[in-house]
Amino acid sequence: MTVHAARAADPDVPDVFDPRGYADGLPHAAYRLLRERHPVAWQEEHEVLGWPAGPGFWAVTRHKDVVRVLKDARTFSSHLGATQIRDPDPADLPFIRRMMLNQDPPDHGRLRRSVSRAFTPGRVDRFRAAVRERARGLLATAVDAARTRDGVCDIVAEVTDDFALLNLADLLGVPAGERGLLLDWTRRVIGYQDPDEAGPPASGPDGRPADPRSPSMLGDMFAFARELAAFKRRHPGDDVMTVLASDDELATPELEMFFFLLTIAGNDTVRSAAPGGLLALARHPDAYRALRTGEVGAATCTEELLRWHPPVLSFRRTAACDTELAGRPIRAGDKVVVFHGSANYDERVFAVPHRLDPGRTPNPHVSFGDGPHLCLGAHFARLQLRVLYEETRTLLPALAVAGPPRRLVSNFIHGLKSLPLRLVADAPP
């Protein structure tokens, strides 16, 4: 049976590819149907939002199967076709494979060890006080501004975007005057499917939208990375770029790709997770009360909020050989895409998964992945999120949603573009 015949045999398989389907949140009904009836299901990769059609892929939605794919790099390769659903231009693939995220062991391990020397828990912990001061300051400023209006604040625009961006800039050692570039690059690369984030579309030579991850679209970011590395060699500091710039084992292209990875993934993980967690707490006052009273610890609550609102929706692998997954024959060369949001709500692993339980333990969510590509910055992301929720519970006795959130149009990042929260109950009329 061909993959297209297998797809035709399952006419009730819902579409979880279209990025527009995530503009209202996780498609839980579709995920549930896939987990129950089609845990490894063929998806058509149709043309959408001006982007060309692709060959299709296998959608993996059960927790057990997602973990297997993520852990088995020998069978499910990050290197063969990289890690995004859409196939890169074949001419760009050698360039994209320079990134650690798009490599398999043992090459992946060599680069991971190099950056691990910089991205250690000890170095991250030294940022704790600055992260806390920043969270407290941004929240206090947002409350003060809300008092002068109707008590409402867009928590994304006034708190979480700056919180994620400035923390990352501190960790990397980006000078204050250049920090806005990090957010611009993140929006360009992560939000390319969303007109609000991507800005005016750039076209390639064939008239199709230009891939924001292609070398031609990233020249300014890589030039900045080289300039910053040269600056750090002359003026070293206690930051990640100083360590990377002084590592003789890293070639310049590898350093550029590290900067790309840390800038995009390091920013958008927290940028997406932070407002998602606050939205969950605002919609579940009992959970927020348990956090405020100390009934549950902030660290445990943070894990549940990550399960509830995973910052990454999907990651792609490519089958390196013929194999089988959940009874489905997978052929070498097939695209295999894991869906984190579905795995995090798998009833086989999480009791009552649609109940926000801030004390849930154990909590084996896959929001930071699993296996050799487990998120390198997970420690730093958890620190930031935990501190933000701690400062929120200290400053704000209650959270309430004041308007519908606006979500990112994306099948990759579970982002929020806007989230109106009521921070002050007694604001002037």
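The text that follows walks through the structure, step by step, so that each part is easy to find.

Interaxial distance between helix H14 (residues 285–293) and helix H17 (residues 378–395) falls to 9 Å at its minimum, and their mutual angle equals 90°. Between H14 and H17, the angle is such that the two are roughly perpendicular. Taken together, the residues of H17 that come into contact with H14 (itself represented by Tyr288, Leu291 and Arg292) are Tyr389, Thr392 and Arg393. Residues that form the contact of H14 with H17 fall into these classes: three nonpolar, one polar and two charged.

Here we take up the nonpolar core. With 129 residues, the main nonpolar core has Ile155, Leu244, Phe259, Leu281, Leu399 and Leu423 as its most contacted residues. At 16 residues, helix H13 (residues 252–283) tops the list of elements feeding residues into this core. Ignoring anything within four residues of it in the chain, the contact list for Ile155 reads Leu139, Thr160, Pro275, Leu278, Leu419 and Leu421.

Moving on, we get to unusual backbone geometry. Residues Pro105 and Pro106 are joined by a peptide bond in cis, for which omega reads 5°. Note that the residue after Thr361, namely Pro362, is joined by a cis bond; omega there is 0°. By the secondary structure assignment, Pro362 is in the loop between helix H16 (340–343) and H17. Here Ala82, not a glycine, exhibits a phi torsion of approximately 70°, which is positive. Following the sequence through the fold, Ala82 ends up in the loop between strand E3 (76–77) and helix H4 (93–96). On the accessibility criterion, Ala82 (4% relative accessible area) is buried. The residue Ala326 is not glycine, and still its phi comes out positive at about 50°. Residue placement: Ala326 occurs in the loop between strand E6 (323–325) and strand E7 (328–330).

Between its terminal C-alpha atoms helix H7 (residues 128–147) stretches 29 Å, which fits the 28 Å expected from 20 residues at 1.5 Å a residue. Taken together, the buried positions of H7 are Val131, Arg134, Ala135, Leu138, Leu139, Ala142, Val143 and Ala146. Looking straight down H7, one finds its buried side chains confined to an arc of 160°; they lie on one side. More than 90 degrees from the buried face of H7, the exposed residues found are Ala129, Glu133 and Thr141.

Put simply, helix H11 (residues 219–234) and H13 touch, their axes get as near as 9 Å, and they point 105° apart. Judged by the angle between their axes, H11 and H13 are roughly perpendicular. Counting all contacts with H11, which are made through Met221, Phe222, Phe224, Ala225, Arg226, Leu228, Ala229 and Arg233, the residues of H13 involved are Thr252, Leu255, Glu256, Met257, Phe259, Phe260 and Ile264. Partitioning the contact of H11 with H13 into residue classes produces eleven nonpolar, one polar and three charged.

Enumeration over the complete set of coordinates arrives at eleven aromatic pairs. An angle of 75° between the planes, with centres 5.1 Å apart, marks the rings of Trp42 and Trp58 as edge-to-face. Taken as a pair, Trp42 in strand E1 (residues 40–43) and Trp58 in strand E2 (residues 57–60) lie far apart in primary sequence, 16 residues in all. Each member of the pair, Trp42 as well as Trp58, is classed as buried. Grouping aromatic residues by their ring pairs yields a cluster made of Phe17, Tyr31, Phe57 and Phe339. The ring of Tyr345 carries Arg307 above its face, with NZ or CZ at 5.0 Å from the centroid. The ring centre of Phe350 lies 5.4 Å from the NZ or CZ of Arg307, which sits over that ring.

An order of E4-E12-E9 is seen for the three strands of this open sheet, with the pairing classed as antiparallel. The sheet terminates laterally at strand E4 (152–154) and strand E9 (400–401), the two strands that pair on one side only. In this structure, E4 lies alongside strand E12 (residues 420–422), joined through three bridges in antiparallel fashion. The partner of Val152 across the bridge, within E12, is Arg422. Helix H8 (residues 155–172) rests against E4 and E12 of the sheet, and its axis sits at about 50° to E4.

Rules of the game
Residue positions are given per chain, counted from 1 along the sequence in the order it is written. Reporting of local features is limited, given that this is a predicted model, to residues whose pLDDT is at least 70; pairs of side-chain atoms are given and counted only at 80 or more, and all residues count toward the totals for whole chains, interfaces and linings. Values shown for side chains rest on all heavy atoms present in the structure; no hydrogens or waters enter the calculation. Throughout, an axis means a line fitted to C-alpha atoms (over the contacting stretch in the case of helices), and angles, computed between N-to-C directions, take values from 0 to 180 degrees. Starting at the N terminus, helices and strands are each numbered in turn, a helix being any DSSP run of H or I of at least four residues and a strand any DSSP run of E of at least two. Orientation labels follow simple angle bins: below 35 degrees gives roughly parallel, above 145 gives roughly antiparallel, 65 to 115 gives roughly perpendicular, and whatever is left gives oblique. Residue contacts are counted whenever heavy atoms from the two residues lie within 4.5 Å of one another. All residues other than Ala, Val, Leu, Ile, Met, Phe, Trp, Tyr, Cys, Pro, Asp, Glu, Lys and Arg, Gly among them, are scored as polar; the first ten of these are nonpolar and the last four charged. Here, nonpolar core means buried Ala, Val, Leu, Ile, Met, Phe, Trp, Tyr and Cys residues that are tied together by side-chain atoms lying within 4.5 Å of each other. The classification of residues rests on relative accessible area computed with a 1.4 Å probe and restricted to protein chains. Under 20% of the type maximum is buried, over 50% is exposed, and intermediate values are partly exposed. Helix span, as expected, comes to 1.5 Å for every residue beyond the first. Each C-beta atom gives one direction from the helix axis, and the arc is the one those directions make. Any two rings among Phe, Tyr and Trp, with Trp reduced to its six-membered ring, count as a pair given centres within 6.5 Å; such a pair is stacked if its planes are under 30 degrees apart, edge-to-face if over 60, and tilted if neither. Criterion for a charge above a ring: Arg CZ or Lys NZ at most 6 Å from the ring centre, at most 35 degrees from the ring normal. Only strands joined by at least two bridges in the DSSP assignment are considered to pair.

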